[in-house]
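Letter by letter, the chains look like this.
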Amino acid sequence: TNMSSMFNSTKLTELDLSGWNTSSVTDMSSMFAYTSYLTTIDMSNATFRQLEKYDNMFSHTNSELKVTINKDELDWFIDNSVLTIEHLNY
C-alpha cells in the first residue's frame, strides 16, 4: 500500500491516525512533508518496520510537531533517522 504524499501540504493542525492499520503500508515517503500547520500526529497503533520507502516523511514540518507512536516502534524511528527523539511521544 502506498501512502506517499497523502497529507503533503495539508493545512490541518492535528491528525489522529491511531485507528489506522498500517501493517501493509510500504511507502510513506513525503507523507507529512510541507505541513507547517501540523502540530500533533497520533500514530500510536501504527507499525513501521515493513516500510520500504520513508524518505522525507517529515521534511519541512512544523518545528513544534509532536508525533505519538507505539513505544515498540521507537527504536525503528530512531535507528532509521525518521525523527529525532524530541519530536516523539511514546
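Quick look at the structure, then. Position numbers for residues count from 1 along each chain, tracking the sequence in the order it is written. Residues qualify for local features only when their pLDDT is at least 70, as the model is predicted, and side-chain atom pairs are given and counted only at 80 or more; totals for whole chains, interfaces and linings, by contrast, use all residues. Water and hydrogen atoms play no part in the side-chain values, which are based on all heavy atoms of the structure.

## A look at the pattern of salt bridges
Charged atoms that come close allow side chains of opposite charge to pair. To keep it simple, the criterion reads: A carboxyl oxygen of Asp or Glu within 4 Å of a side-chain nitrogen of Lys or Arg is what we treat as a salt bridge. Counting from the N terminus, the helices are the DSSP runs of H or I reaching at least four residues and the strands are the DSSP runs of E reaching at least two. Type-normalised accessible area, obtained with a 1.4 Å probe on protein chains alone, sets the label of each residue: buried when under 20%, exposed when over 50%, and partly exposed for intermediate values.
Under the definition given, this model contains one salt bridge. A salt bridge links Arg49 to Glu73, with the nearest nitrogen and oxygen atoms 3.7 Å apart. Residue Arg49 is found in the loop between strand E2 (40–43) and strand E3 (66–69), and its partner Glu73 is found in the loop between E3 and helix H1 (74–79); the two are separated by 24 residues along the sequence. Look at Glu73 and you get buried, because its relative accessible area is 6%.

## Things to note about the side chain of Ser18
Put simply, the rule reads: Counted as a polar contact is a pair of N or O atoms within 3.5 Å, where, for protein atoms, one must be capable of donating a hydrogen and the other of accepting one, and residues adjacent in sequence contribute only when both atoms are in side chains. For this analysis, residues touch if any pair of their heavy atoms sits within 4.5 Å.
Relative to the helices and strands, Ser18 resides in the loop between strand E1 (14–16) and E2. A residue is classified by how much of its surface remains accessible, and Ser18, at 17% relative accessible area, is buried. Within polar-contact distance, the side chain of Ser18 engages the side chain of Asp16 at 2.6 Å. If near-sequence neighbours (up to four positions away) are discounted, Ser18 is found in contact with Asp42, Ser44 and Asn45.

## Some details on unusual backbone geometry
The phi dihedral of Ser5 is positive, around 60°, even though this residue is not glycine. Along the chain, Ser5 falls in the segment before E1. Even without being a glycine, Ser9 presents a positive backbone phi close to 70°. Using a relative accessible area of 38% as the deciding quantity, one classes Ser9 as partly exposed.

## Brief notes about the pairing of E3
The condition that has to hold: Here a strand pair is declared whenever DSSP counts at least two bridges between the two strands.
Across the two faces of E3 the burial differs, with Val67 and Ile69 buried and Lys66 and Thr68 not buried at all. Where E2 lies against E3, four bridges are found, and the strand directions are parallel. Opposite Thr40, over in E3, you have Lys66 as the bridge partner.

## Looking at the environment of Asp72
Tracing the backbone shows Asp72 in the loop between E3 and H1. Between the C-alpha atoms of Asp72 and His60, which are twelve residues apart in sequence, the distance is 26 Å.

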